[in-house]
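# Secondary and tertiary structure notes
Spelled out from the first residue to the last, the chains are:
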Amino acid sequence: MTVHNLYIFDRNGSCLYYNEWNRKKQAGISKEEEFKLMYGMLFSIRSFVSKMSPLDMKEGFLSFQTSRYRLHYYETPSGLRFVLNTDLSVCNARETLQHIYSNLYVEYIVKNPVCVPSQSLDSELFSSRLDAFIRALPYYSPRAA
């Protein structure tokens, strides 16, 4: 069980924050290009899910999985998008993403007068608290494949 990486996007698709923990394979493209591809994929999946769902999707799309990883998705009412990639053994990380938003992002970015929430998140305090939180998760393992 492990956590691979985390993306935080604003409502316009700009990547505000990225960190990786146990990512074994790099994409082979620049980080900026990877961020654009990730956001584009999220935009397309959300659109597809909302059009194909037989019911009114209150929460929308929450996650999807491939044969190698699971992508967990959380969107705030203000349009921030949190994306956490884990291995397949992590079934649901919605509470984890909600905790990152409400207890870390809001506390250390929104309430910090020095940080501008619509710009790249350069808060060392936010980064260190997030790293400690991720490493304390029951499904985080630094030696996982």
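For the structure, check the block above.
Residues numbered from 1 in each chain as written. Predicted model: local features only at pLDDT ≥ 70, side-chain atom pairs only at ≥ 80, totals over all residues. Heavy atoms only, no water.

## A closer look at the nonpolar core
Ranked by internal contacts, the top residues of the largest apolar core, which has 29 residues, are Phe-82, Tyr-105, Phe-126, Leu-130 and Ile-134. Contributions of two or more residues to this core are made by β1 (3-9), β2 (15-20), β5 (81-86), α2 (94-110) and α3 (124-136). The element contributing the most residues to this core is α2, with eight residues. Non-local contacts of Leu-130, meaning those with residues more than four positions away in its chain, are made with Leu-6, Tyr-17, Trp-21, Ile-100 and Leu-104. Counting 12 residues, the second-largest nonpolar core is a separate cluster that includes Tyr-7, Phe-35, Tyr-39 and Tyr-73. (Core = buried A, V, L, I, M, F, W, Y, C linked by side-chain atoms within 4.5 Å. Buried < 20%, exposed > 50% of the residue type's maximum accessible area, 1.4 Å probe, protein only. Helix = DSSP H or I, 4+ residues; strand = E, 2+ residues; numbered from the N terminus. Contact = heavy atoms within 4.5 Å.)

## Some remarks on the environment of Glu-95
If you trace the backbone, Glu-95 turns up in helix α2. Residues Glu-95 and Glu-75 lie 20 residues apart in sequence; the distance between their C-alpha atoms is 12 Å.

## Looking at the packing of aromatic side chains
What the rule picks out here adds up to 13 aromatic pairs. Each ring, one from Tyr-7 and one from Tyr-18, has its centre 4.8 Å from the other, and the planes form 50 degrees; the classification is tilted. One end of the pair, Tyr-7, is in strand β1; the other, Tyr-18, is in strand β2, with 11 residues separating them in the sequence. Here the two residues Tyr-7 and Tyr-18 agree in accessibility, since each one is buried. Where Phe-82 meets Tyr-101, the ring centres are 5.8 Å apart and the plane angle is 70 degrees; that geometry is what we call edge-to-face. Of the two residues, Phe-82 is situated in strand β5 and Tyr-101 in helix α2; the sequence distance between them amounts to 19 residues. A connected cluster of aromatic rings, assembled from ring pairs, spans Tyr-17, Tyr-74, Phe-82, Tyr-101, Tyr-105 and Phe-126. (Phe/Tyr/Trp six-rings, centres within 6.5 Å; stacked < 30°, edge-to-face > 60°.)

## Regarding the pairing of strand β4 (residues 70-75)
Most of β4 sits inside the fold, with five of its six residues counted as buried. Across three bridges, strand β3 (residues 63-65) lies against β4 in antiparallel orientation. Within β4, the position partnered with Ser-63 by the bridge is His-72. Hairpin connection, β3 to β4: the antiparallel pair is bridged by four residues. The pairing of β4 with β5 spans six bridges and is antiparallel. Within the sheet, the bridge partner assigned to Arg-70 lies in β5 and is Thr-86. Hairpin connection, β4 to β5: the antiparallel pair is bridged by five residues, and Gly-79 has positive phi, about 95 degrees. (Pairing = 2+ DSSP bridges.)

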